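Reading the structure
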Amino acid sequence: GTHRLMKFFFKDNSYSIFKMFINQIGMTIFGIALSFATSENDTLFLLSSIFGACFYMVLLYTMTWDIGYEEKIRIDAKRLKYNRFKGLYMSLYANIPNFIIALLALIGFYGASAFKNGTPISPGWAADVYGVGRLIASLIEGMYSGIVYVVFNFNPWAYLVIIIPSLITCTVAYIAGVKGFRILPAPKNEHNRE
């Protein structure tokens with residue numbers, strides 16, 4: 001049933017899913033460097049975070065577009081069944097760590113009975129669960145730090161909201177790749193391939 005399909009999908013696309021997550025880690029390092037440089041100023045912190053997130057979307061888009069484009073020939077020749085949600089599914093898998101972070105932040109936040117500056121402090125378990133979620137977020141979602149802090153003021157729903165752009169980006173990019181439709185211009189060295 002569905003479980004087997006999901007297992008096969010993950011197995012067939014594990015390299016791409018892993019690459020999406022590695023891109024996120026790379027962008028986090030970039031995001032953390034930017035946030036260290038700009039965290040004293042909310043406006044700069046937010047702008048650097050938006051820049052980091054947009055740069056990450058461009059990386060994801062390019063990578064997922066290429067996957068779609070590579071599969072185009074097999075899809076056109078009916079050797080591969082076209083699944084317009086493939087980009088979305090790969091992104092959902094790649095975002096599992098981010099969903100866990102969001103879940104921890106939400107459980108900790110809504111399990112708390114006392115707060116200090118909007119952060120759970122009691123009971124202890126709620127503060128810990130929320131704290132762990134936020135700590136992991138700062139380690140693997142660094143490019144979103146400014147957005148989460150300045151726009152959402154650490155609202156736990158922010159950790160769910162920041163996943164949406166990557167899901168949309170990968171969905172659109174895969175479809176565009178399979179259709180051979182470009183939003184971003186082709187790199188110079190690829191013109192001879194078309």
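Below is a short write-up of the structure. Being a predicted model, the structure only gives us computed values, none of them experimental. (Residues numbered from 1 in each chain as written. Predicted model: local features only at pLDDT ≥ 70, side-chain atom pairs only at ≥ 80, totals over all residues. Heavy atoms only, no water.)

1. Details of the pattern of salt bridges
In this structure the tally under the stated criterion is two salt bridges. Of the charged contacts in the structure, one is a salt bridge between K86 and E71, with a shortest N-O distance of 2.5 Å. Of the two residues, K86 is situated in helix α3 (residues 86-94) and E71 in helix α2 (residues 42-76); the sequence distance between them amounts to 15 residues. When its relative accessible area of 10% is taken as the criterion, K86 is described as buried. Note that K72 is salt-bridged to D76, the shortest N-O span being 3.2 Å. (Salt bridge = Lys/Arg side-chain N within 4 Å of Asp/Glu carboxyl O. Helix = DSSP H or I, 4+ residues; strand = E, 2+ residues; numbered from the N terminus. Buried < 20%, exposed > 50% of the residue type's maximum accessible area, 1.4 Å probe, protein only.)

2. Quick look at the nonpolar core
One finds M20, Y56, Y144 and Y159 to be the most contacted residues of the largest nonpolar core, which totals 31 residues. Among the secondary structure elements, those contributing two or more residues to this core are α1 (2-38), α2, α3, α4 (96-110), α5 (124-140), α6 (145-151), α7 (158-161) and α8 (164-179). Per-element tally for this core: the top contributor is α2, with eight residues. Residues Y61, W65, Y69 and A176 belong to the second largest nonpolar core, which totals five residues. (Core = buried A, V, L, I, M, F, W, Y, C linked by side-chain atoms within 4.5 Å.)

3. Thoughts on the packing of α1 against α3
One way to put it is that α1 packs onto α3 with a least axis distance of 9 Å and a crossing angle of 70 degrees. As judged from the angle between their axes, α1 and α3 are roughly perpendicular. Taken together, the residues of α3 that come into contact with α1 (itself represented by M6, K7, F9, F10, N13, S16, I17, M20 and F21) are K86, Y89, M90, S91, Y93 and A94. Partitioning the contact of α1 with α3 into residue classes produces 10 nonpolar, three polar and two charged. (Axes fitted to C-alpha atoms, helices over the stretch in contact; angles between N-to-C directions. Parallel < 35°, antiparallel > 145°, perpendicular 65-115°, else oblique. Contact = heavy atoms within 4.5 Å. Nonpolar A, V, L, I, M, F, W, Y, C, P; charged D, E, K, R; others polar.)

4. Considering the pairing of strand β2 (residues 119-122)
Pairing geometry for strand β1 (residues 114-116) and β2, over three bridges, is antiparallel. Pairing of F115 across the sheet is with P120, part of β2. As consecutive antiparallel partners, β1 and β2 are separated by two residues, and within that stretch N117 has a phi angle of approximately 50 degrees, a positive value. (Pairing = 2+ DSSP bridges.)

5. Points about unusual backbone geometry
In the segment running from S122 into P123, the intervening peptide bond is cis, with an omega of -5 degrees. For P123, the position within the fold is in the loop between β2 and α5. Its identity as a non-glycine residue notwithstanding, N117 has a phi of 50 degrees, on the positive side. Along the chain, N117 turns up in the loop between β1 and β2. Although it is not a glycine, F154 sits at a positive phi angle of roughly 60 degrees.

6. Focus on α5
Every α-helix winds through 3.6 residues per turn, so residues three or four apart in the chain are directed the same way. Look at α5: 24 Å from first C-alpha to last across 17 residues, which is about the 24 Å you get at 1.5 Å a residue. All of the buried residues along α5 are A126, A127, Y130, G133, A137 and I140. In the core, the buried residues of α5 are packed alongside α1, α4, β2 and α7. (Expected span 1.5 Å × (residues − 1).)

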